[in-house]
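Structural overview for review
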Amino acid sequence: LLPTLTKRTIKMCDTKLNGKINGVDGKAPFLIGVSGGTASGKSTVCKRIMEKLGQVDVDHTQRQVVCISQDCFYRDLTPSEILKAERGLFNFDHPDAFNEKLMKETLMDILAGKIVHIPTYDYKNHSLRRDEILTIYPADVVLFEGILVFYFPEVRKLFHMKLFVDTDSDTRLARRVPRDINERGRDLEQVLNQYMNFVKPAFEEFCSPTKKFADVIIPRGADNTVAIDLIVQHIREILNNRQRNSEERTIEVVPAAVTLTPTHSPAKRANSGGDGQFKRPH
Ligand SMILES: Nc1ncnc2c1ncn2[C@@H]1O[C@H](COP(=O)(O)OP(=O)(O)O)[C@@H](O)[C@H]1O
Ligand SMILES: Nc1ccn([C@@H]2O[C@H](COP(=O)(O)O)[C@@H](O)[C@H]2O)c(=O)n1
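In this text, all values refer to a predicted model and were calculated from it rather than measured experimentally.

The rules behind each value
- Residues numbered from 1 in each chain as written.
- Chains lettered and ligands numbered in written order.
- Predicted model: local features only at pLDDT ≥ 70, side-chain atom pairs only at ≥ 80, totals over all residues.
- Heavy atoms only, no water.
- Near = heavy atom within 4 Å.
- Polar contact = N/O pair within 3.5 Å; in protein donor to acceptor, adjacent residues only side chain to side chain.
- Areas by Shrake-Rupley, 256 points an atom, 1.4 Å probe, with all protein chains shown as cover.
- Helix = DSSP H or I, 4+ residues; strand = E, 2+ residues; numbered from the N terminus.
- Buried < 20%, exposed > 50% of the residue type's maximum accessible area, 1.4 Å probe, protein only.
- Pairing = 2+ DSSP bridges.
- Patch = residues over 30% accessible without salt bridge, like charges linked within 9 Å, V, L, I, M, F, W, Y side chains within 5 Å.
- Salt bridge = Lys/Arg side-chain N within 4 Å of Asp/Glu carboxyl O.
- Lys, Arg positive; Asp, Glu negative; His and termini not counted.
- Contact = heavy atoms within 4.5 Å.
- Core = buried A, V, L, I, M, F, W, Y, C linked by side-chain atoms within 4.5 Å.
- Axes fitted to C-alpha atoms, helices over the stretch in contact; angles between N-to-C directions.

1. Quick look at the site of ligand 1
Taken together, Gly37, Ala39, Ser40, Gly41, Lys42, Ser43, Thr44, Arg175, Arg179 and Asp223 are the residues near ligand 1. For ligand 1, an oxygen atom lies 2.8 Å from a polar atom in the side chain of lysine 42. Between ligand 1 and serine 43 there is a distance of 2.5 Å, counted from an oxygen atom to a side-chain nitrogen or oxygen. Taken by itself ligand 1 offers 550 Å² of open surface, and the protein chains cover 71% of this. For the shell around ligand 1, the secondary structure elements donating two or more residues are helix 1 (42-52) and helix 5 (169-183).

Shown next, in the form of C-alpha coordinates:
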(Lines give C-alpha, C1' and ligand atoms only; values in the text may rest on other atoms or scores of the structure.)
(Ligands and ions follow the chains in the order given, each with its own letter.)
Protein backbone atom coordinates (compact mmCIF):
# COMPACT_ATOMS: atom_id res chain seq x y z
CA LEU A 1 0.00 0.00 0.00
CA LEU A 2 1.26 3.47 -0.86
CA PRO A 3 1.04 6.09 1.82
CA THR A 4 -1.07 9.15 1.06
CA LEU A 5 1.28 11.82 -0.23
CA THR A 6 1.29 15.36 0.94
CA LYS A 7 2.98 17.55 -1.63
CA ARG A 8 4.93 20.52 -0.42
CA THR A 9 6.83 23.17 -2.26
CA ILE A 10 10.42 23.99 -1.43
CA LYS A 11 12.85 26.31 -3.11
CA MET A 12 15.66 24.88 -5.21
CA CYS A 13 18.26 27.00 -3.47
CA ASP A 14 17.18 26.01 0.03
CA THR A 15 19.60 23.74 1.82
CA LYS A 16 18.86 23.84 5.52
CA LEU A 17 16.05 22.33 7.60
CA ASN A 18 13.80 21.33 4.69
CA GLY A 19 14.49 24.64 3.00
CA LYS A 20 13.63 26.72 6.03
CA ILE A 21 15.93 28.47 8.43
CA ASN A 22 14.09 29.06 11.66
CA GLY A 23 10.82 29.04 9.79
CA VAL A 24 12.07 31.55 7.22
CA ASP A 25 12.68 30.56 3.62
CA GLY A 26 16.45 30.27 3.37
CA LYS A 27 17.85 32.68 0.81
CA ALA A 28 20.84 34.99 0.95
CA PRO A 29 19.70 38.41 2.14
CA PHE A 30 20.28 41.50 0.04
CA LEU A 31 23.17 43.19 1.81
CA ILE A 32 23.39 46.97 1.66
CA GLY A 33 26.40 48.90 2.94
CA VAL A 34 25.75 52.45 4.15
CA SER A 35 28.78 54.64 4.70
CA GLY A 36 29.54 58.32 5.23
CA GLY A 37 31.37 60.50 7.71
CA THR A 38 30.52 60.70 11.37
CA ALA A 39 27.05 62.17 12.02
CA SER A 40 26.33 62.33 8.30
CA GLY A 41 22.98 60.67 8.96
CA LYS A 42 23.78 57.01 8.22
CA SER A 43 21.63 55.64 11.05
CA THR A 44 18.85 58.09 10.27
CA VAL A 45 18.84 57.14 6.57
CA CYS A 46 18.68 53.43 7.56
CA LYS A 47 15.82 54.21 9.93
CA ARG A 48 13.91 56.01 7.15
CA ILE A 49 14.43 53.07 4.79
CA MET A 50 13.11 50.70 7.45
CA GLU A 51 10.14 52.95 8.13
CA LYS A 52 9.25 53.21 4.46
CA LEU A 53 9.49 49.45 4.10
CA GLY A 54 7.10 49.11 7.05
CA GLN A 55 9.57 47.42 9.39
CA VAL A 56 9.83 49.56 12.46
CA ASP A 57 6.84 48.15 14.31
CA VAL A 58 7.54 44.56 13.31
CA ASP A 59 8.85 42.18 15.97
CA HIS A 60 12.63 41.63 15.69
CA THR A 61 12.21 37.93 14.97
CA GLN A 62 9.94 38.68 12.01
CA ARG A 63 11.67 41.63 10.36
CA GLN A 64 12.34 41.52 6.63
CA VAL A 65 14.79 44.40 6.94
CA VAL A 66 17.36 44.73 9.71
CA CYS A 67 20.09 47.24 10.40
CA ILE A 68 23.48 46.61 12.01
CA SER A 69 26.04 49.22 13.07
CA GLN A 70 29.72 48.76 12.30
CA ASP A 71 30.41 50.21 15.74
CA CYS A 72 29.51 46.78 17.16
CA PHE A 73 32.72 45.58 15.51
CA TYR A 74 35.15 47.83 17.33
CA ARG A 75 37.86 45.56 18.69
CA ASP A 76 38.52 45.09 22.40
CA LEU A 77 41.10 47.57 23.66
CA THR A 78 44.13 46.65 25.73
CA PRO A 79 44.33 48.22 29.24
CA SER A 80 46.81 50.84 28.00
CA GLU A 81 44.57 51.66 25.01
CA ILE A 82 41.61 52.12 27.39
CA LEU A 83 43.68 54.66 29.32
CA LYS A 84 44.49 56.45 26.08
CA ALA A 85 40.80 56.40 25.06
CA GLU A 86 39.82 57.92 28.40
CA ARG A 87 42.26 60.77 27.74
CA GLY A 88 40.92 61.26 24.21
CA LEU A 89 44.16 59.93 22.74
CA PHE A 90 42.87 56.80 20.99
CA ASN A 91 41.96 56.96 17.31
CA PHE A 92 38.52 55.35 16.89
CA ASP A 93 38.36 56.53 13.30
CA HIS A 94 41.35 54.48 12.13
CA PRO A 95 40.72 51.11 10.42
CA ASP A 96 42.91 49.39 13.04
CA ALA A 97 40.29 50.18 15.68
CA PHE A 98 37.95 47.62 14.10
CA ASN A 99 37.83 43.83 14.19
CA GLU A 100 37.84 43.29 10.44
CA LYS A 101 37.93 39.49 10.69
CA LEU A 102 34.84 39.29 12.90
CA MET A 103 33.03 41.82 10.71
CA LYS A 104 33.65 39.73 7.60
CA GLU A 105 32.78 36.42 9.30
CA THR A 106 29.56 37.84 10.72
CA LEU A 107 28.44 39.24 7.36
CA MET A 108 29.25 35.91 5.72
CA ASP A 109 27.17 34.10 8.34
CA ILE A 110 24.32 36.52 7.67
CA LEU A 111 24.63 35.87 3.93
CA ALA A 112 24.52 32.13 4.68
CA GLY A 113 21.17 32.65 6.42
CA LYS A 114 22.43 32.07 9.95
CA ILE A 115 21.20 33.74 13.11
CA VAL A 116 24.02 35.91 14.48
CA HIS A 117 24.64 37.40 17.91
CA ILE A 118 26.34 40.78 18.13
CA PRO A 119 27.35 42.69 21.26
CA THR A 120 26.16 46.29 21.53
CA TYR A 121 28.70 49.11 21.82
CA ASP A 122 29.17 51.32 24.85
CA TYR A 123 30.64 54.67 23.75
CA LYS A 124 30.94 55.92 27.31
CA ASN A 125 33.27 53.08 28.31
CA HIS A 126 34.78 52.51 24.86
CA SER A 127 33.89 48.83 25.04
CA LEU A 128 31.62 46.13 23.70
CA ARG A 129 28.73 45.12 25.94
CA ARG A 130 28.72 41.36 26.03
CA ASP A 131 25.87 41.49 28.56
CA GLU A 132 23.69 43.19 25.94
CA ILE A 133 23.64 41.04 22.85
CA LEU A 134 21.66 41.76 19.69
CA THR A 135 20.24 38.71 17.98
CA ILE A 136 19.97 39.21 14.25
CA TYR A 137 17.46 36.85 12.64
CA PRO A 138 17.55 35.98 8.94
CA ALA A 139 16.02 38.81 6.91
CA ASP A 140 15.51 39.71 3.26
CA VAL A 141 17.47 42.94 3.48
CA VAL A 142 20.36 43.72 5.83
CA LEU A 143 21.68 47.27 6.17
CA PHE A 144 25.21 47.53 7.53
CA GLU A 145 26.17 51.11 8.39
CA GLY A 146 29.40 52.69 9.54
CA ILE A 147 32.20 55.12 8.75
CA LEU A 148 34.48 52.44 7.28
CA VAL A 149 32.19 49.76 5.88
CA PHE A 150 33.70 50.23 2.39
CA TYR A 151 37.28 50.49 3.59
CA PHE A 152 38.08 46.77 3.96
CA PRO A 153 38.10 45.11 0.50
CA GLU A 154 37.01 41.70 1.85
CA VAL A 155 34.01 43.30 3.55
CA ARG A 156 33.26 45.69 0.70
CA LYS A 157 32.91 42.93 -1.85
CA LEU A 158 30.11 41.30 0.15
CA PHE A 159 27.65 44.16 -0.45
CA HIS A 160 24.99 43.93 -3.14
CA MET A 161 24.44 47.66 -2.97
CA LYS A 162 26.57 50.49 -1.57
CA LEU A 163 25.23 53.84 -0.38
CA PHE A 164 27.29 56.84 0.75
CA VAL A 165 25.63 59.52 2.84
CA ASP A 166 27.28 62.77 1.85
CA THR A 167 26.65 65.56 4.33
CA ASP A 168 28.97 68.56 4.54
CA SER A 169 31.49 68.55 7.35
CA ASP A 170 30.17 71.69 9.12
CA THR A 171 26.74 70.11 9.41
CA ARG A 172 28.27 66.85 10.61
CA LEU A 173 30.31 68.56 13.31
CA ALA A 174 27.30 70.64 14.35
CA ARG A 175 25.35 67.40 14.80
CA ARG A 176 28.14 65.41 16.39
CA VAL A 177 28.76 67.92 19.19
CA PRO A 178 25.30 67.73 20.79
CA ARG A 179 24.97 64.01 20.08
CA ASP A 180 28.28 63.12 21.75
CA ILE A 181 27.53 65.38 24.73
CA ASN A 182 23.95 64.14 25.19
CA GLU A 183 24.28 60.50 24.23
CA ARG A 184 27.91 59.48 24.43
CA GLY A 185 29.04 61.05 27.70
CA ARG A 186 31.51 63.62 26.33
CA ASP A 187 32.05 67.30 27.10
CA LEU A 188 32.52 70.02 24.47
CA GLU A 189 36.30 70.18 24.78
CA GLN A 190 36.66 66.41 24.39
CA VAL A 191 34.44 66.35 21.30
CA LEU A 192 36.29 69.19 19.60
CA ASN A 193 39.76 67.85 20.44
CA GLN A 194 38.89 64.37 19.22
CA TYR A 195 37.38 65.85 16.07
CA MET A 196 40.45 67.95 15.24
CA ASN A 197 43.05 65.30 16.18
CA PHE A 198 41.46 62.12 14.85
CA VAL A 199 37.97 62.32 13.35
CA LYS A 200 38.59 64.93 10.66
CA PRO A 201 42.00 63.66 9.46
CA ALA A 202 40.83 60.03 9.45
CA PHE A 203 37.70 60.97 7.52
CA GLU A 204 39.89 62.53 4.84
CA GLU A 205 42.36 59.65 4.77
CA PHE A 206 40.11 56.57 5.14
CA CYS A 207 36.41 57.32 4.80
CA SER A 208 36.06 59.98 2.12
CA PRO A 209 38.14 58.01 -0.47
CA THR A 210 35.66 55.12 -0.20
CA LYS A 211 32.90 57.29 -1.67
CA LYS A 212 34.11 56.17 -5.09
CA PHE A 213 32.92 52.63 -4.34
CA ALA A 214 29.33 53.74 -3.74
CA ASP A 215 26.55 52.87 -6.18
CA VAL A 216 24.45 55.74 -4.87
CA ILE A 217 25.59 58.93 -3.14
CA ILE A 218 22.93 60.57 -0.97
CA PRO A 219 23.59 64.30 -0.59
CA ARG A 220 22.14 65.81 2.62
CA GLY A 221 21.31 62.43 4.18
CA ALA A 222 17.85 61.92 5.58
CA ASP A 223 16.71 65.35 4.31
CA ASN A 224 16.98 63.92 0.82
CA THR A 225 13.61 62.25 0.67
CA VAL A 226 13.75 61.93 -3.12
CA ALA A 227 16.93 59.83 -2.91
CA ILE A 228 15.52 57.73 -0.07
CA ASP A 229 12.27 57.09 -1.95
CA LEU A 230 14.23 56.01 -5.05
CA ILE A 231 16.37 53.64 -2.99
CA VAL A 232 13.32 52.17 -1.25
CA GLN A 233 11.65 51.70 -4.62
CA HIS A 234 14.75 49.95 -5.93
CA ILE A 235 14.89 47.65 -2.90
CA ARG A 236 11.20 46.79 -3.36
CA GLU A 237 11.81 45.89 -7.01
CA ILE A 238 14.78 43.72 -6.12
CA LEU A 239 12.78 41.91 -3.45
CA ASN A 240 9.84 41.41 -5.79
CA ASN A 241 12.11 40.02 -8.52
CA ARG A 242 13.79 37.67 -6.05
CA GLN A 243 10.40 36.48 -4.88
CA ARG A 244 9.22 35.94 -8.46
CA ASN A 245 12.42 34.10 -9.43
CA SER A 246 12.28 31.83 -6.43
CA GLU A 247 8.62 31.01 -7.12
CA GLU A 248 9.53 30.09 -10.70
CA ARG A 249 12.22 27.80 -9.41
CA THR A 250 9.98 25.88 -7.01
CA ILE A 251 9.60 22.13 -7.26
CA GLU A 252 7.30 19.72 -5.55
CA VAL A 253 8.73 17.08 -3.27
CA VAL A 254 7.38 14.53 -0.89
CA PRO A 255 7.93 14.94 2.84
CA ALA A 256 11.31 13.68 3.97
CA ALA A 257 9.68 11.23 6.40
CA VAL A 258 7.84 9.35 3.61
CA THR A 259 9.97 6.83 1.76
CA LEU A 260 8.78 5.78 -1.68
CA THR A 261 10.17 3.71 -4.47
CA PRO A 262 10.62 6.12 -7.41
CA THR A 263 8.42 4.17 -9.87
CA HIS A 264 5.38 4.50 -7.63
CA SER A 265 5.75 8.12 -6.77
CA PRO A 266 3.12 10.46 -8.20
CA ALA A 267 5.45 13.28 -7.23
CA LYS A 268 8.21 11.69 -9.20
CA ARG A 269 5.95 11.12 -12.19
CA ALA A 270 5.00 14.74 -12.16
CA ASN A 271 8.55 16.03 -11.94
CA SER A 272 10.90 13.35 -13.05
CA GLY A 273 12.71 12.87 -16.32
CA GLY A 274 12.67 9.14 -15.70
CA ASP A 275 15.99 9.10 -13.89
CA GLY A 276 14.54 9.48 -10.41
CA GLN A 277 15.78 13.07 -10.30
CA PHE A 278 13.35 15.89 -9.68
CA LYS A 279 13.34 18.53 -12.38
CA ARG A 280 12.57 22.22 -12.43
CA PRO A 281 9.23 23.05 -14.04
CA HIS A 282 9.72 25.04 -17.27
N1 LIG B 1 18.42 65.39 8.46
C2 LIG B 1 18.67 65.65 9.72
N3 LIG B 1 18.28 66.79 10.28
C4 LIG B 1 18.56 67.06 11.57
N5 LIG B 1 19.25 66.25 12.39
C6 LIG B 1 19.68 65.10 11.89
C7 LIG B 1 19.42 64.73 10.53
N8 LIG B 1 19.99 63.52 10.30
C9 LIG B 1 20.55 63.15 11.45
N10 LIG B 1 20.37 64.07 12.40
C11 LIG B 1 20.87 64.02 13.79
O12 LIG B 1 22.30 64.08 13.71
C13 LIG B 1 22.88 63.15 14.61
C14 LIG B 1 23.69 62.13 13.83
O15 LIG B 1 22.81 61.42 12.96
P16 LIG B 1 23.01 59.87 12.73
O17 LIG B 1 21.95 59.42 11.80
O18 LIG B 1 23.13 59.17 14.03
O19 LIG B 1 24.41 59.91 11.97
P20 LIG B 1 25.50 58.75 11.76
O21 LIG B 1 24.79 57.43 11.90
O22 LIG B 1 26.02 59.00 10.39
O23 LIG B 1 26.54 58.98 12.81
C24 LIG B 1 21.72 62.51 15.38
O25 LIG B 1 21.57 63.21 16.59
C26 LIG B 1 20.53 62.71 14.47
O27 LIG B 1 19.33 62.80 15.18
N1 LIG C 1 34.60 54.66 21.92
C2 LIG C 1 34.28 55.36 20.82
C3 LIG C 1 33.98 54.73 19.62
C4 LIG C 1 33.67 55.50 18.53
N5 LIG C 1 33.65 56.84 18.62
C6 LIG C 1 33.32 57.66 17.44
O7 LIG C 1 32.17 57.19 16.81
C8 LIG C 1 32.20 57.59 15.45
C9 LIG C 1 31.47 56.57 14.60
O10 LIG C 1 30.10 56.59 14.89
P11 LIG C 1 29.10 57.46 14.00
O12 LIG C 1 27.74 57.09 14.52
O13 LIG C 1 29.42 58.90 14.22
O14 LIG C 1 29.31 57.05 12.59
C15 LIG C 1 33.64 57.70 15.06
O16 LIG C 1 33.85 58.91 14.37
C17 LIG C 1 34.40 57.67 16.39
O18 LIG C 1 35.17 58.82 16.56
C19 LIG C 1 33.95 57.44 19.81
O20 LIG C 1 33.93 58.68 19.90
N21 LIG C 1 34.25 56.69 20.89
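Let us keep going from here.
2. Remarks on the site of ligand 2
Taken together, 17 residues sit near ligand 2, with Thr38, Lys42, Asp93, Arg176 and Arg186 positioned nearest. Within the side chain of arginine 184, a nitrogen or oxygen atom sits 3.1 Å from an oxygen atom of ligand 2. Separating a nitrogen atom of ligand 2 from a side-chain N or O atom of arginine 186 is a distance of 2.8 Å. Contact with the protein chains removes 98% of the 470 Å² of surface that ligand 2 exposes when unbound. Counting residues per element, the ones that place at least two in the shell around ligand 2 are helix 5 and helix 6 (188-207).

3. Remarks on the pairing of strand 4 (residues 30-36)
Here strand 4 lies mainly inside the structure; seven of its seven residues are buried. As paired elements, strand 4 and strand 8 (residues 141-145) share five bridges and run parallel to each other. Looking across to strand 8, one finds that isoleucine 32 is bridged to leucine 143.

4. Comments concerning a nonpolar patch on the surface
Residues Ile181, Leu188 and Leu192 make up a contiguous nonpolar surface patch of about 230 Å² in total accessible area. If you trace the backbone, leucine 192 turns up in helix 6.

5. Side note on the side chain of lysine 42
Assignment of secondary structure puts lysine 42 in helix 1. One buried charged side chain, lysine 42, makes no salt bridge at all; its nearest oppositely charged neighbour is glutamate 145, positioned 4.7 Å away. Polar contacts involving the side chain of lysine 42 include one to the main-chain carbonyl oxygen of glycine 37, which spans 2.8 Å. Residues within four places of lysine 42 in sequence aside, it is in contact with Val34, Ser35, Gly36, Gly37, Glu145, Gly146, Ile147 and Val165.

6. Description of the nonpolar core
Counting 38 residues, the largest nonpolar core has Ile68, Phe98, Leu107, Phe144 and Phe159 as the members making the most contacts within it. Elements with a contribution of two residues or more to this core: strand 5 (65-69), helix 3 (100-111), strand 6 (116-122), strand 7 (127-136), strand 8 and helix 6. Other than its neighbours up to four places away in sequence, phenylalanine 159 contacts Leu31, Ile32, Gly33, Leu107, Phe144, Val149 and Phe150. Core analysis: the second largest hydrophobic core is formed by 23 residues, Leu53, Val141, Ile238 and Leu239 among them.

7. Observations concerning the sheet that holds strand 5
Read from one edge to the other, the open sheet built from five strands follows the order 5-8-4-9-10, with strand pairing classed as parallel. Both outer strands of the open sheet, strand 5 and strand 10 (216-219), are each paired with one neighbouring strand and no more. Geometrically, the sheet is characterised by an average inter-axis angle of 20 degrees between neighbouring strands, direction not taken into account. The sheet contact formed by strand 5 and strand 8 spans five bridges and is parallel. In the sheet register, valine 65 faces strand 8, and the bridge partner there is valine 141. Sheet strands touched by helix 1: strand 4, strand 5, strand 8, strand 9 (161-166) and strand 10. Its angle to strand 8, the strand with the most contacts, is close to 165 degrees.

8. A short note on unusual backbone geometry
The residue alanine 39 is not glycine, and still its phi comes out positive at about 55 degrees. Among the secondary structure elements, alanine 39 is positioned in the loop between strand 4 and helix 1. If you check the backbone angles, arginine 220 has positive phi at about 70 degrees while not being a glycine. Along the chain, arginine 220 falls in the loop between strand 10 and helix 7 (225-248).

Structural measurements only, silent on function.
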